[in-house]
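The residues making up each chain are set out below.
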Amino acid sequence: MDNNKVVLITPPYERIAKGYEYVKHITNASPSLGLLHLAAEIREFGYEPSIIESDIFDLTIDEVANQVAESRPAVVGITLFTVGVWCAAEMAAKIKERLPHIVIVVGGPHISSMGPETMERFRVFDYAIIGEGEEPFVALLDALRDGGDINSVPALIYRDESEITAKIVQTPRLAINKDLDRLPMPAWDLLPDFPHAYRPAVYDFPRQPVASIAASRGCPFHCKFCDTSTFGASVRAYSPQRVFEIMQHLQNNYGIKHILFVDDLFTASKKRTTELCNLIIDSGMDITWSCASRTDVIKPETLALMKKAGCWEISFGLESGSNDLLQKMDKAASLDKSIQALQWTHEAGIRSKGLFMLGYPGENHETIAQTKAFLKQVPLTIMHLTKFTPYPGSPIYRDLYGTNIRDDHWEKMNGMNFLWTPEALTQEELNSNYRKIIMSFYQQPRISWYYTKFTFKYPQHFLRLLKFLLLMLKSQLRDRLAKLRGNKPQQTYVNLDS
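Residues numbered from 1 in each chain as written. Predicted model: local features only at pLDDT ≥ 70, side-chain atom pairs only at ≥ 80, totals over all residues. Heavy atoms only, no water.

Q: Give a detailed account of the pairing of strand 3 (residues 75-79), specifying residues and quantitative values.
A: Here strand 3 lies mainly inside the structure; five of its five residues are buried. The two faces of strand 3 match: V75, G77 and T79 on one face and V76 and I78 on the other face are all buried. Bridge count between strand 1 (residues 5-10) and strand 3: four bridges; the pairing is parallel. Each residue of the ladder has a partner; that of V6, found in strand 3, is V75. Here five bridges tie strand 3 to strand 4 (residues 103-107), and the two strands are oriented parallel to one another. Residue pairing in the sheet places I78 in a bridge with V106 of strand 4. This β-α-β element, strand 3 to helix 3 (residues 85-98) to strand 4, shows right-handed connectivity. (Buried < 20%, exposed > 50% of the residue type's maximum accessible area, 1.4 Å probe, protein only. Helix = DSSP H or I, 4+ residues; strand = E, 2+ residues; numbered from the N terminus. Pairing = 2+ DSSP bridges. Right-handed = clockwise from strand over helix to strand, strands pointing away.)

Here it is in structure tokens:
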């Protein structure tokens, strides 16, 4: 390394087809919390990080490569989700064309579940870090700068070029970090135009500006569709006092009015949840927040306290209206528990968001009908439906394919493509029912009335929606004109949950 500059990148990836970029006006545009933690950590050790959120700012691969070339860092770090691997590899190649001696390091969920296979396939990546990256990344940077022993860096994957055929080497992982309080404050100061350029999906928050916090890492449950390779099954959390300090920092320095807690299970500890709520209440902090929980761990007394402390929404992974499918997924909660928890949440004055998936093994016309009926039975006003995706690293992936890795569908793994079809249904039937489930829920009069009131109360959402609708109409007019001229209009796909 000839300098201490490190550029951290979220790569651009196509979740929206070209010509339909207007959809981004209503989808999620939150920064990568993982990169913010990495940047803060390496800065503590004397390195000079910067962050490029290419997807949020609609940067092309060439534009990202040009920005990196202008900065001339010694190292580039790229966070990888499976859907973005090919794009990241192309971007890394463009960067190396401009800076041949640069070191490319990759990490993130994709690497944690299939690091060796990725390094074998993409030689443009020099190193990969598995799992939580703060300590290993610092160790790698130190080794590169000081000429240290690379093999001593923990949780590292690299190619041993001393062999005739390069051998993939993987070093032992670190013990999980149980002391999150020692981590520095995420480096929000490195984000251009933070917080105003970073907004969650439309109607997904009451007030802005908004910021995200991960108050804990890990999930103790073992749903078969979930890949827990990065953070594991052991839940570790910041102390309630530290979480409160982070919230104060965001509000005092950036005027944040709403917090998105992105923990897999925010309410894993009733004691910790209670302590944090009491800190917020006692301080008089004017803030609202959202989190995720499970219907089998939430209780009325906790919900009442959460509401008093500003909790506005809880996301529940409901998945299906079929008990049979829930059992196949290894979900501990039954429909009866879910109905009770949703009713308790509603009575506490907290909005529930239902997260569902369509097409899990065993899905059929009967289970789809059960999901439609369930959606109309419970007090939900917002739901997200994704298309079942067998992510590498998840137990269901191994059940279906008998292996940890197949690379033929990586670029389609965004939760918006049916990559696998249950025996009882065709892909056409799945796509048709996907649309019908969403429409049958949102066309309910009570849902329309809810969003009418919501829009009047929080008009910033209407302005985003209006801009989206105007641009959509313009795009449809363009496509009609193209059709009249004999050209094929473009198709669009978008992951509204991401």
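Q: Explain the sheet that holds strand 11 (residues 258-261) residue by residue, including any values.
A: The strand order across the open sheet formed by six strands is 8-11-12-13-14-15, and the pairing between neighbours is parallel. The sheet is open, and its two edges are formed by strand 8 (210-213) and strand 15 (382-387), each paired on a single side. The average undirected angle you get between the axes of adjacent strands in this sheet is 20°. As defined by bridge partners, strand 11 adjoins strand 12 (residues 288-293) across three bridges and the pair is classed as parallel. Directly across from L260, in strand 12, lies its bridge partner S290. (Axes fitted to C-alpha atoms, helices over the stretch in contact; angles between N-to-C directions.)

Q: So, the pairing of strand 1: which residues are in play, and what are the values?
A: By the criterion of burial, strand 1 is predominantly enclosed, with five of the six residues buried. As defined by bridge partners, strand 1 adjoins strand 2 (residues 48-53) across six bridges and the pair is classed as parallel. Counterpart to I9 in the pairing with strand 2 is I52.

Q: Lay out helix 3 with the relevant residues and their values.
A: In a regular helix each residue adds 1.5 Å, so 14 residues correspond to 20 Å; helix 3 covers 20 Å between its end C-alpha atoms and thus fits that length. Where helix 3 is concerned, the buried positions are V85, C87, A88, A89, M91, A92, I95 and K96. Next to the buried residues of helix 3 lie strand 1, helix 2 (61-71), strand 3, strand 4 and helix 4 (109-121). (Expected span 1.5 Å × (residues − 1). Contact = heavy atoms within 4.5 Å.)

Q: Provide a residue-level description of the sheet that holds strand 1, including the pertinent values.
A: Pairing in this open sheet of seven strands is mixed, and the strands run 2-1-3-4-5-6-7 from one edge to the other. The open sheet has two edge strands, strand 2 and strand 7 (167-170), and neither has a second partner. When the angles between neighbouring strand axes are averaged without regard to direction, this sheet yields 25°. Across the sheet, helix 4 is in contact with strand 4, strand 5 (127-129), strand 6 (156-160) and strand 7; its angle to strand 6 comes to roughly 10°.

Q: Report on the packing of aromatic side chains, specifying residues and quantitative values.
A: Under the definition given, this model contains 21 aromatic pairs. Relative to F125, the ring of F122 lies with its centre 5.8 Å away and its plane at 45°, an arrangement referred to as tilted. One exposure class covers both F122 and F125, and it is buried. Aromatic pair F356 and F374: ring centres 6.2 Å apart, planes at 65°, arrangement edge-to-face. Of the two residues, F356 sits in strand 14 (residues 351-358) while F374 sits in helix 11 (residues 365-377), which places them 18 residues apart along the sequence. Across the pair, F374 and F356 agree in class, each one buried. These aromatic residues form a ring-pair network of at least three members: Y203, W312, F441, Y442, Y450, Y451, F454 and Y458. Over the ring of Y434 we find K387, and its NZ or CZ is 4.8 Å from the ring centre. (Phe/Tyr/Trp six-rings, centres within 6.5 Å; stacked < 30°, edge-to-face > 60°. Lys NZ or Arg CZ within 6 Å of the ring centre and 35° of its normal.)

Q: Let's hear about unusual backbone geometry: which residues, and what values?
A: At the junction of F194 and P195, the peptide bond is cis and its omega measures out at 10° in the coordinates. Looking along the chain, the bond that leaves Q208 and enters P209 is cis, with omega of 5°. With respect to the element layout, P209 can be found in the loop between strand 7 and strand 8. A positive phi is found at A155, a non-glycine position, where the angle reads about 55°. Counting through the fold element by element, A155 comes out in the loop between helix 5 (134-146) and strand 6. The class for A155 is buried, based on a relative accessible area of 2%. With a phi close to 70°, E319 is a non-glycine residue in the positive phi region. When you line up the elements, E319 lands in strand 13 (residues 311-319).

Remember that the coordinates give geometry; whether it matters functionally is a separate question.
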